[in-house]
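Spelled out from the first residue to the last, the chains are:
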Amino acid sequence: RIAARTGARLLAQQSNGRVERGAGRVMIDRVPYNVDLAVKTFADTEQLILIGAKTPVAFFAYPGKPGVMTPPTCRSIALTRPTDDLTEALEALADAVGARQSAATVATKTDAGELPAGPLTAAAIIQAIGALSPENAILCDESVSSGRDSFKSTFGAAPHDFLQITGGAIGIGLPLATGAAVACPNRKVILMQADGSGMYTLQALWTQAREQ
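Residues numbered from 1 in each chain as written. Predicted model: local features only at pLDDT ≥ 70, side-chain atom pairs only at ≥ 80, totals over all residues. Heavy atoms only, no water.

## What about the pattern of salt bridges?
Counted under the stated rule, the structure contains seven salt bridges. Its salt-bridge partner being D161, residue R18 comes within 3.4 Å of it at the nearest N-O pair. With R18 in the loop between strand 2 (9–12) and strand 3 (19–21) and D161 in strand 8 (residues 160–164), this residue pair connects regions lying 143 residues apart in the sequence. Here R210 ties to E211 by a salt bridge, and the two come within 3.3 Å at their closest N and O atoms. The exposure class of R210 is partly exposed, given its relative accessible area of 49%. Residues joined by salt bridges that share partners form a network here, namely R18, E20, D161 and R187. (Salt bridge = Lys/Arg side-chain N within 4 Å of Asp/Glu carboxyl O. Helix = DSSP H or I, 4+ residues; strand = E, 2+ residues; numbered from the N terminus. Buried < 20%, exposed > 50% of the residue type's maximum accessible area, 1.4 Å probe, protein only.)

## Section: the environment of F155
Secondary-structure assignment places F155 in the loop between helix 4 (150–154) and strand 8. F155 gets classed as buried once you look at its relative accessible area, which sits at 13%. Measuring from C-alpha to C-alpha, the distance between F155 and R25 comes to 8.6 Å, with 130 residues separating the pair along the chain. Discounting residues that sit within four places of it in the chain, F155 has contacts with R21, G22, A23, M27, I28, D29, A107 and D111. (Contact = heavy atoms within 4.5 Å.)

That's the geometry; what it means functionally is another story.
Right, dumping it as structure tokens:
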């Protein structure tokens, strides 16, 4: 589920279920978690084309801040219905606006960066994940605020599937990773988990231990 911004910028909406990322794949950024950064991202957007997505909104209701990330003058166009073929819709849109595949920015291994050195920080941990993740891994993300900039450190990681928190429904991380491991026992599953959100579903740790 992708929102395409004027100027052929692709943004992954927080409600999407899976994104194929990593070296050799198109670099799709995501709507920032921080309200002010998200508003800045869409500040000059005149039209928002939604394909399998809804207009970006804030996780929570913050006093004095907007709930919708796009400016009031922005026109949101829902190009598809839930039953439509999203890939076909993207191809039709690309044909209509004269976009070419070669114009997309494709990630390379150098975009993953090198192993970090120095203090152990959230950013350093994510950078290490980007550098060390094996090919075909499943990266589950409920790091929330600590991992809000995780995309920049994992663009060039080995090709992987990315699963994340849907909307603001915190607590999905531990069971999400558990389900991914049960469904794909031959793939490495990596979970980036916030401590507060993890407390909602601690029982998943017992499931992981029991199922090994």
